[in-house]
Structures are given as structure tokens and as C-alpha cells.
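# A closer look at the structure
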There are 2 protein chains.
Amino acid sequence: MVASDPSITIFGDWGTSRLRLYLRQGKSVLDRRDGPGIGSLTASPEQTFLDLVGDWREADPETILLCGMVGSRNGWVEAPYAPCPADAAAISERLVKVEAQGLTVSIVPGLSCVNPLGGPDVMRGEETQILGALALNPELKAGRHLLAMPGTHTKWVVVEDGAIASFLTAPVGETFAVLREHSILAKAAAGDAPATPEGFDLGLSRITDKGAALLPHLLFETRSRQLIDGLPKADAMGFLSGLLIGADAAGAAGWFGQLGKVALIGAPALNALYAKAIKAAGGDSFEIDGDAAVLAGLSSLSSSITRDAHVLA
Amino acid sequence: MVASDPSITIFGDWGTSRLRLYLRQGKSVLDRRDGPGIGSLTASPEQTFLDLVGDWREADPETILLCGMVGSRNGWVEAPYAPCPADAAAISERLVKVEAQGLTVSIVPGLSCVNPLGGPDVMRGEETQILGALALNPELKAGRHLLAMPGTHTKWVVVEDGAIASFLTAPVGETFAVLREHSILAKAAAGDAPATPEGFDLGLSRITDKGAALLPHLLFETRSRQLIDGLPKADAMGFLSGLLIGADAAGAAGWFGQLGKVALIGAPALNALYAKAIKAAGGDSFEIDGDAAVLAGLSSLSSSITRDAHVLA
């Protein structure tokens, strides 16, 4: 490569259930490879990474940057939580570097905070998506805004003047999954039809009408409506999802009025469910693509590494 | 036996996880035998029952009465739900009889209602305990009272003038169990120390201070307090239990003022946790032993069978 070419980078989003690696030149993705998550490795993280990188080494990457559970205690190397408030510069300062057969890999730290309920809270991976969302939506960089990141552990995040000020986690996706698979409420099996929108709407309307404080009591309707009303199982799964997502959004509704439109960052299908629930709780939202946000966030962080490198050189 | 001896009865409490049979003469328990629940049978319900009864047949039981999941669709024979309001007479009229090698076995029906939230609700087994609680506590027979039956599926029950008027189910025990065993929140293994009272008190105080509507958000503290504050796992399990039981009691608190002291019917250890949670939510409670209530309830129902038999003879 001649010196004027944009530099080659390898970016990775390495969570519990999935590794996604990108080979980039400047802002273009040249190639993408998927591997196992930190929770389902069959070799060491280092070996898994090197195997997947393979012939990308020949492109001579200037920067390699990974975010997510790869930096947890059970990951490759622990990147200790950085405290909030934290912006891109503060997070860049706490990147942890590890060598792997001559490659220098930088790992993004997670964040910790005292959340709005006064409890300890943590995130790992979402901080990178948030930085990306700010880069993709410059209007979020000034003033205070509320972001929602639906998922296994949904995060409600307050950003202030471009920094992550605080956040609150609700393990909604995980609660749904364990109740769906292991309780008598839905009794869903692996091959069952997916949750229906009709069921979701019914669950959402029940929790909206009766109030999120009655979630434990409304949960049982997931079963009793099957027994008594003949609700089909796929509707019952949607009902359970509507109750849980509805309760999550209702609990966060105190922020809507103060912080305006909620920026939803996640997978499109889940974003759509949260958009409904936020609306039912009196709020409004707009969507940011989660995969694009990860790449934009890694890009923000990598530019600071590259700057450092130039300074040192 | 001479005719003046009190009659011999076999009573059974046959739930999902346990069968408990009693051989009685009048009000005395002569013998007790335990067998597998409806959820873990290795033979047919009939065969399981006959094997356990064994030589009790020689005592020539006049009445055999079983309550619980034995009467569900997946039990021995379905005893369809009786609608609320229902008193002992109404439930007796709907006993379902089945023959087993010359023995006549009566099975108690469950109850259905439209619960106070307007949803369909069901119980099976608890109706017998409630009738027993009324028999053991005559002061509950006049006027309206609130009963709480903590368990896998906690029931909040309104009785009015000796009849079960309506009830509301919260699957608190089941939610605790699946989150404890299958989620990342507590990550408890079978051999782990049991949940601690200190953890329970902390969880209860968190949900009481912040409100039951924030249950989904407080759930994550079960994990984050371990990660950040070093909360021991046994305390984390107690914390999770305190959150869930606290949210259940807080949701039912609207009834406390109207209906006075809550009668708690269940296992002593669980009753004690609910007593704390009811107190934290502004109520007061007293305790009725659950096993004694089942026997008293079966006794109430069996006297009506015996009367019928006399009428027919």
C-alpha cells in the first residue's frame, strides 16, 4: 500500500453469543467474518481470534479494536469498567492492549455508574454503540438525551453534552427467555411458532391499563388465558413479551417528558416492539441501526488510537 | 370395626411435585405416606395411588378424597373448574368420582374466576386449603377477608361470608426459581447456600423504596451488586426473593386497607417472608398452617360426601 491509502483496521464486536469481525479500509468494509461468542468458545479467545483473522494479516492492519464481553473477567483480558460520566476520549484512555502473535489488539472497557435508582450498574459493549449513535446523529451531542438499547439486558441511557452520564439496566430479554423456556407460563418448545404481534399488543394493553406495579400478577394471565380462553401458545409468548417490555417502558416513562424523543438502538424487530411500548407509556422514539452504531463507535475510538500512534511516531 | 367407631377415610393432597396421603379415623391421622407428584409420575396415577394405598385397603375406608393437580387435565381424571363465588357446598357438588379396583375416589375440582384485574384466573388445590382455613378460623366465615397463599403460584384470595369470592395469582415462586437457576442474575447452582435473610431484607427495602413498578429495573441489581459491590451469591438470591415477594405484596396492598389483616396460609418459612413484605407494604398478617388447612378442608368436603352416602343408603 502507498502511504496515501486510508489505513486498514480490524474491528470486532465480541459479545456473549457472537463474534463479528470486520476488515476495513478507511470507512469501507472489505470483508466480514463471524465466530463464536465468549460464552461458547471451544478454544482460547486468542486462538479463536487468530484463526478467524487468518489471511487478513496480509493486509497489515494498523489498528485492531474489539468491544464487548471480550473485555470481561471471563473474556480474553479484563478491561476494567470506566466510571461515568465518560465520553469517547475518556474511554479511549482506558483501552487495554494485548499482544497476539505480533498483532496489537485494543479492547474497549465497559462502563460503571450509580444508576438513577441509586444502584450500581454496568454495561459492556453498549458504550461503543452509544458513541457510534452520537457520531451518526450529531444532534444528540448537545444537551441531554435518552437512549434505549433493547436486548437481553435492556439499557436506558442518559447522554449529556456528548458523554454517557448514567444508565439503568432491565434484564427484560433474559427474563422473557427464561420464563418462556423454563416456566409453566408459556411452556414454549424450541420448534414453536414465534411470538405474535396480536399477543404482544394484548400484553402491552394489559400492563398499560393496570400499571407496571401489577406485573407479577399479570404474568399469570400468560397461562390462564391459554387454559380458560384458549389463547394459542404463539399469542401467549407475545403476551408475555408485551407485559415485560411494557413494564420496562412504563418504568422509564418518568424520563420521557424531561428528555424528549427516545433514540432506540438495537435490532429492528425489537426496536419496533419498544417503539410501541414507549408510545403506550406516553413517549415517542426514533430508530438508530445497532450494527451501524457499533461500527461508528469503534471508528470513533480507533481514530484516537491512530492519532496516538502518529504522535508516538 | 363396630358401627359406632368413627369412619375411616383416606385423604390426599396430590400436587405437581408431591403426593401426600393420610389414613384417618375420625379426626385422627393413623398413618401417612408420601409419593410422587403429578409432574413426576413413573406409572399411571391410578397405579401410583393403589400402590401407595397398599394395605390401607384392609381398614375399609368409607371415603377417599383427593385434591390438587390430580384433577387437572394432565392428572388422573379432569375435575372441571367450578366458578366463583364458591363455598364448601358448591365445591362438594362438583366432586368427580373415579373407580379404582373397587375403591371409589372423589376428586376435588379447582376454581376459576374473573380476577380483580379483570383477567381469567384459576386455582387447583388451594380451594381445599381455603375451606380448611375457614373451618379452623370461624372468625373468617363472616364478612370479607383477604387470604394470601404464598408458593410457586401465590394466590391472593377474597372470601366473603364463607365463600371464595375471587382471587388473583402471581407466579412469584416460579419466577424466582427460573431466574435463580437459568438466568445470569443469580447464577445459583444446586449446591449453593440458600438465600439469606440479609439479602431478602435488602431486596425488600429496594422495591419498597423505589416502587413495584420498577421491578424490571431493580432485578438487574441482583447481578450488578455481585459484580461491583461483591455481594455474596447467597445474599443475591435473598435479594432476588425480596424484590419479587416485595413487588407481589406491594401490588396487593390496595386490598389491605379494605380487608384488614391478611391470613397467610403456607409453609412457615415462606409465610414469614410474606409477613415481612406485607408489613413493608403497610399491612398486617397472621399465620395459618398450610398442612393443617389441607386436612381441615378435605374434612369439610368429606363430611358432605358422607352425608350424601347416608342419604342414599
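Now for a quick tour of the structure. Note that the structure is predicted; figures quoted are calculated from it, not measured. Throughout, residues of each chain are indexed from 1 in the direction in which the sequence is written. Labels follow written order: the first chain is A, the first ligand is 1, and so on. Note on the predicted model: pLDDT of at least 70 is required for a residue's local features to be given, and 80 or more for side-chain atom pairs to be given and counted; whole-chain, interface and lining totals, by contrast, use all residues. The basis for every side-chain value is the complete set of non-hydrogen atoms in the structure, without hydrogens or water.

This part takes up the overall build of chain A. Only runs of H or I of at least four residues qualify as helices and only runs of E of at least two qualify as strands under DSSP, and these elements are numbered from the N terminus. Secondary structure summary: chain A contains 11 helices and 14 strands in total. What the globule rule says is 2.2 Å times the number of residues to the power 0.38, and the radius of gyration is computed from C-alpha atoms. By the compact-globule yardstick of 20 Å for 313 residues, chain A fits well, its C-alpha radius of gyration being 21 Å. Projected onto its principal axes, the C-alpha positions of chain A cover 70 × 45 × 30 Å. Of all 313 residues assigned to chain A, the portion counted as buried reaches 57%. Any pair of residues with heavy atoms lying within 4.5 Å of one another is described as a contacting pair. Here the analysis covers contacts within chain A between residues at least 6 apart in sequence; of these, 60% occur between residues at least 24 apart. With residues, only the protein chains shown are counted as cover, and all accessible areas are computed by Shrake-Rupley using a 1.4 Å probe. Element-wise, carbon and sulfur atoms account for 53% of the exposed surface of chain A, whose accessible area totals about 12400 Å². Each charge class in chain A was averaged separately, 25 positive and 35 negative side chains, and the resulting centres sit 5 Å apart. Partly exposed describes any residue whose relative accessible area lies between the buried limit of under 20% and the exposed limit of over 50%, with all areas from a 1.4 Å probe on protein chains only and scaled to the type maximum. Lys and Arg are tallied as positive, Asp and Glu as negative. Neither His nor the chain termini are counted. Throughout, a charge is located at the NZ atom of Lys, the CZ atom of Arg, the CG atom of Asp or the CD atom of Glu.

Pairing is possible between side chains of opposite charge, provided their charged atoms come close. All names here are of chain A. Whenever a carboxyl oxygen of Asp or Glu lies within 4 Å of a side-chain nitrogen of Lys or Arg, that contact is scored as a salt bridge. Under the defined criterion, the tally for this structure stands at 27 salt bridges over all chains. In this structure, the salt-bridge partner of Asp31 is Arg33, at a minimum N-O distance of 3.7 Å. Taken together, the salt bridges that share partners define one network made up of Arg20, Arg32, Asp34 and Asp291.

Contacts between chain A and chain B engage 45 residues on the former and 45 residues on the latter. For any pair of parts, buried area is found by adding up, for both, the accessible area (1.4 Å probe) each one loses once the two are put together. The largest contributions to the chain A side of the interface with chain B come from Leu117, His217 and Phe220 of chain A, which together make up 19% of the buried area. At the junction of chain A with chain B, the criterion picks out zero salt bridges. Polar contact is the term for a pair of N or O atoms within 3.5 Å; when the atoms are in protein, one must be able to donate a hydrogen and the other to accept it, and sequence-neighboring residues count only if both atoms are side-chain atoms. At the surface where chain A touches chain B, the tally comes to nine residue pairs in polar contact (both at pLDDT 80 or more). Looking at the side of chain A that touches chain B, the elements with two or more residues in it are strand 9 (120–123), strand 11 (154–160), strand 12 (163–170), helix 4 (172–182), helix 5 (197–210), helix 6 (215–219), helix 7 (221–229) and helix 8 (233–251) of chain A.

All right, on to the state of the cysteines then. The rule for a disulfide is simple: a pair of cysteine sulfur atoms within 2.5 Å. Counted according to the given criterion, the structure contains zero disulfides over all chains. No disulfide involves Cys84 of chain A; its sulfur sits 5.0 Å from the nearest other cysteine sulfur, which is in Cys113 of chain A. Cysteine Cys67 of chain B is unpaired, with the sulfur of Cys84 of chain B as its nearest cysteine sulfur at 16 Å.

With that out of the way, let us pick up the sheet that holds strand 7 (residues 103–107) of chain A. Residues and elements named next belong to chain A. When DSSP finds two or more bridges between two strands, those strands count as paired. Strands sit in the order 3-2-1-4-7-6 across an open sheet of six strands; the sheet is mixed. Each edge of the open sheet carries a strand with a single partner, namely strand 3 (28–36) and strand 6 (96–100). Each strand axis lies, on average, 20° off the axis of its neighbour in the sheet, ignoring direction. Relative to strand 3, strand 2 (residues 18–25) is paired through eight bridges, and the arrangement is antiparallel. In the strand pairing of strand 3, Arg18 is matched with Pro36. Only C-alpha atoms enter the line fits that serve as axes; for helices the fit covers just the stretch in contact. Angles between N-to-C directions range over 0 to 180 degrees. This element, helix 1 (residues 45–53), spans strand 1 (8–14), strand 2, strand 3, strand 4 (63–67), strand 6 and strand 7 of the sheet and lies at about 140° to strand 3.

Classification of ring pairs rests on two measures: the distance between centres of Phe, Tyr or Trp rings, Trp counted by its six-membered ring, which must be within 6.5 Å, and the angle between planes, read as stacked under 30 degrees, edge-to-face over 60 and tilted in between. Taken as a whole and assessed by the stated rule, the structure comprises six aromatic pairs over all chains. Ring centres 6.5 Å apart and planes at 75° place the aromatic pair Trp14 of chain B and Trp76 of chain B in the edge-to-face group. Of this pair, Trp14 of chain B sits in strand 1 (residues 8–14) while Trp76 of chain B sits in the loop between strand 4 (63–67) and strand 5 (82–83), placing them 62 residues apart in sequence. Trp14 of chain B gets classed as buried once you look at its relative accessible area, which sits at 0%. Members of the aromatic cluster, each reached through a chain of ring pairs, are Trp14, Phe49 and Trp76 of chain A. Charges are assigned to positions over rings by a cutoff of 6 Å between ring centre and Lys NZ or Arg CZ, combined with an angular limit of 35 degrees from the ring normal. The side chain of Arg124 of chain A reaches across the aromatic face of Tyr81 of chain A, ending 4.6 Å from its centre.

Attention now moves to unusual backbone geometry. Cis geometry marks the peptide bond from Cys84 of chain A to Pro85 of chain A; its omega dihedral reads -5°. As for its position among the elements, Pro85 of chain A is in the loop between strand 5 (82–83) and helix 2 (88–93). Of note in this structure, Asp60 of chain B is not a glycine but carries a positive phi near 55°. Positionally, Asp60 of chain B belongs in the loop between helix 1 (45–53) and strand 4. Classification of Asp60 of chain B by relative accessible area gives exposed; the value is 56%.

Residues and elements named next belong to chain A. Within strand 11, six of the seven residues are buried, which leaves it mostly tucked inside the rest of the structure. Looking at chain direction, strand 10 (residues 144–149) and strand 11 are connected through six bridges and run antiparallel. Following the sheet pairing, His145 is matched in strand 11 by Val159. Between the antiparallel neighbours strand 10 and strand 11 lie four residues. Judged from the seven bridges that link them, strand 11 and strand 12 form a sheet pairing that is antiparallel.

Next up on the list: the relation of the copies chain A and chain B. For the pair of chain copies, the relating transformation is a rotation about an axis with a translation along it. The copies were overlaid with a least-squares fit restricted to C-alpha atoms from residues scoring a pLDDT of at least 70 in each copy. Once turned by 180° and shifted 0.1 Å along the axis, chain A lies on chain B with an RMSD of 0.1 Å. The superposition operator between the copies reduces to a two-fold rotation axis. Using C-alpha coordinates, one finds that chain A approaches the rotation axis most closely at Ala213 of chain A, a distance of 1.9 Å. Most of the interface of chain A is mirrored in chain B, where 100% of its interface residues again form contacts.

To continue, consider the environment of Ser205 of chain A. All names here are of chain A. With respect to the helices and strands, Ser205 occurs in helix 5. The class of Ser205 is partly exposed, set by a relative accessible area of 30%. It is 36 Å that separates the C-alpha atoms of Ser205 and Gly297, two residues lying 92 residues apart in sequence.

For the rest of this paragraph, the subject is the nonpolar core. Here, the term nonpolar core denotes a set of buried Ala, Val, Leu, Ile, Met, Phe, Trp, Tyr and Cys residues that are joined through side-chain atoms within 4.5 Å. By size, the foremost hydrophobic cluster in this structure holds 74 residues, and its most contacted members are Trp156 and Leu219 of chain A together with Trp156 and Leu219 of chain B. If sequence neighbours within four positions are ignored, Leu219 of chain B has contacts with Pro171 and Thr175 of chain A together with Leu179, Leu185, Leu240, Leu243 and Leu244 of chain B.

Within a beta sheet, neighbouring strands are joined by backbone hydrogen bonds and run either parallel or antiparallel to one another. Residues and elements named next belong to chain B. The mixed open sheet is built from five strands, whose spatial order is 12-11-10-13-14. If you trace the sheet from one side to the other, it starts and ends with strand 12 (163–170) and strand 14 (285–289), each paired once. Averaged over all pairs of adjacent strands, the angle between their axes in this sheet comes to 25°, without regard to strand direction. The pairing of strand 13 (residues 262–266) with strand 14 spans five bridges and is classified as parallel. Paired with Gly266 across the strands is Asp289, a residue of strand 14. Each of strand 10 (144–149), strand 11 (154–160), strand 12, strand 13 and strand 14 touches helix 3 (residues 126–136); the most contacted strand, strand 10, lies at about 130° to it.

Turning our attention to the environment of Val105 of chain B. With respect to the helices, strands and loops of the structure, Val105 of chain B is situated in strand 7 (residues 103–107). Overall, the relative accessible area of 0% leaves Val105 of chain B in the buried class.

This part takes up helix 8 of chain A. To estimate how far a helix should reach, multiply one less than its number of residues by 1.5 Å. Its 19 residues give helix 8 of chain A an end-to-end C-alpha distance of 27 Å, which sits within 8% of 27 Å, the value for a rise of 1.5 Å per residue. Along helix 8 of chain A, 16 of the 19 residues are buried, which leaves the element largely enclosed by surrounding structure.

Take the pairing of strand 1 of chain B next. Residue and element names in this part refer to chain B. With seven of seven residues buried, strand 1 is to be regarded as a mostly interior element. Side chains of strand 1 alternate between two faces, with Ile8, Ile10, Gly12 and Trp14 and Thr9, Phe11 and Asp13 buried alike. Inspection of the sheet shows strand 1 paired to strand 2 (residues 18–25) by seven bridges, in the antiparallel sense. Across the sheet, the residue bridging to Asp13 is Arg20, located in strand 2.

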